[in-house]
Amino acid sequence: MNGKLSLSMAFDGQKTVTDDLYFTPPFKVYSPFYNETGWAKYILMCGSAGVLAGDENEIHLLAGENCKVIFTDQGYQKLFHTNGGVSRQHIALTVQKNAKLCYMPHPIMTFTGCEHISSCNANLTESASLIFSEVYCCGRTAMGGSIWFKAFSFTHGNHH
């Protein structure tokens, strides 16, 4: 599946609220939950059993000025055997003045034979904060599953 999510958030003077939201299957997003310190927690739901060859997902998040956002998902993302194909994911994060974004999805579970390309662009203003987490773990170790990468790359960009 080719899922798209675009979520922009704004600060209304008291709390972070949804400014604009667009998604296509298999994605859906819960309305935000708020904790006692004023952080808005958004949870991404995915109506798919996992990622297959040819799947391309895009996630775009914009935390407007003064927002405090935690973005997570409902559970592990499974990367299945791609049979010589490739799956892709692109994440674009924008964090504006005095905003804080904590991007912490559940771990990504890799299955033997998966080939997946994930990229992320993060644009931060000088006073913005970003906590970014991407955790990989192996799936079904009892069936020979292990974490094995053909290639893994992480590039560090500049602040804007």
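In case you missed it, the structure is sitting above this.
Residues numbered from 1 in each chain as written. Predicted model: local features only at pLDDT ≥ 70, side-chain atom pairs only at ≥ 80, totals over all residues. Heavy atoms only, no water.

*Asks:* Outline the overall build of the protein chain, listing residues and values.
*Replies:* A count of helical and extended segments in the protein chain gives zero helices and 14 strands. N-terminal to C-terminal, the α/β element order of the protein chain is β-β-β-β-β-β-β-β-β-β-β-β-β-β. Per-residue burial for the protein chain yields a buried fraction of 36% across its 160 residues. Pairs at least 24 residues apart make up 75% of the contacts formed inside the protein chain by residues separated by at least 6 positions. Carbon and sulfur atoms provide 53% of the accessible area of the protein chain, an area that totals close to 9,400 Å². (Helix = DSSP H or I, 4+ residues; strand = E, 2+ residues; numbered from the N terminus. Buried < 20%, exposed > 50% of the residue type's maximum accessible area, 1.4 Å probe, protein only. Contact = heavy atoms within 4.5 Å. Areas by Shrake-Rupley, 256 points an atom, 1.4 Å probe, with all protein chains shown as cover.)

*Asks:* Any chance you could break down the layout of surface pockets for me, citing the residues and the numbers?
*Replies:* What the second largest pocket holds in volume is close to 400 Å³. Taken together, 28 residues line the second largest pocket, and the ones lying closest to its centre are Cys46, Asp73, Gly75, Tyr76 and Gln77. Only β5 (40–46), β6 (56–63), β7 (68–73), β8 (77–79) and β9 (87–95) provide two or more residues apiece to the lining of the second largest pocket. (1 Å grid on protein atoms, 1.4 Å probe; cavity = no way out; pocket = protein on both sides within 12 Å on 5 of 7 lines; lining within 4 Å. Points joined across faces, edges and corners; volume = space filled by probe spheres on them.)

*Asks:* Give me the packing of aromatic side chains: which residues, what numbers.
*Replies:* For the structure shown, the criterion picks out four aromatic pairs. Judged by centre distance (5.0 Å) and plane angle (35 degrees), the rings of Phe80 and Phe111 are tilted. Of the two residues, Phe80 sits in the loop between β8 and β9 while Phe111 sits in the loop between β11 (108–110) and β12 (116–124), which places them 31 residues apart along the sequence. Relative accessible area serves as the criterion here: at 22%, Phe80 is assigned to the partly exposed category. The exposure class of Phe111 is buried, given its relative accessible area of 11%. Plain terms: the ring middles of Tyr103 and Phe132 are 5.2 Å apart, the flat faces sit at 10 degrees to each other, and that makes the pair stacked. Of this pair, Tyr103 sits in strand β10 (residues 100–103) while Phe132 sits in strand β13 (residues 129–132), and the two are 29 residues apart along the sequence. The buried category is assigned to Tyr103, whose relative accessible area is 3%. Ring-pair connections join several aromatic residues into one group, and the members of that group are Phe71, Tyr103 and Phe132. The ring of Tyr34 carries the charged tip of Lys15 above its face, separated from the ring centre by 4.6 Å. (Phe/Tyr/Trp six-rings, centres within 6.5 Å; stacked < 30°, edge-to-face > 60°. Lys NZ or Arg CZ within 6 Å of the ring centre and 35° of its normal.)

*Asks:* Outline the side chain of Ser87, listing residues and values.
*Replies:* Assignment of secondary structure puts Ser87 in strand β9. Given the relative accessible area of 2%, Ser87 is considered buried. Ignoring any residue separated from it by four or fewer positions in sequence, one finds Ser87 in contact with Val51, Leu52, Gly54, Asp55, Thr82, Glu115, His116 and Ile117.

*Asks:* Which residues make up the sheet that holds strand β14 (residues 136–138), and what are the values?
*Replies:* Whenever strands of a sheet pair, they do so through backbone hydrogen bonds, lying parallel or antiparallel. Pairing within the open sheet is parallel, and its three strands lie in the order β8-β11-β14. Looking at which strands have only one partner, the edges of the open sheet turn out to be β8 and β14. Ignoring which end each strand starts from, the neighbouring axes of this sheet average 30 degrees apart. Judged from the three bridges that link them, β11 and β14 form a sheet pairing that is parallel. (Pairing = 2+ DSSP bridges. Axes fitted to C-alpha atoms, helices over the stretch in contact; angles between N-to-C directions.)

*Asks:* How would you explain the sheet that holds strand β2 (residues 16–23) if you had to name every residue and give the values?
*Replies:* The five strands are arranged β2-β1-β6-β9-β12 in an open sheet whose pairing can be described as mixed. Two strands close off the open sheet at either side, each with one partner strand: β2 and β12. Averaged over all adjacent pairs, the angle separating strand axes in this sheet is 10 degrees, with direction ignored. Relative to β12, β9 runs parallel, the two sharing nine bridges. When the sheet's bridge partners are listed, Leu93 is paired in β12 with Ala122.

Take it as geometry only, folks, not as evidence of what the structure does.
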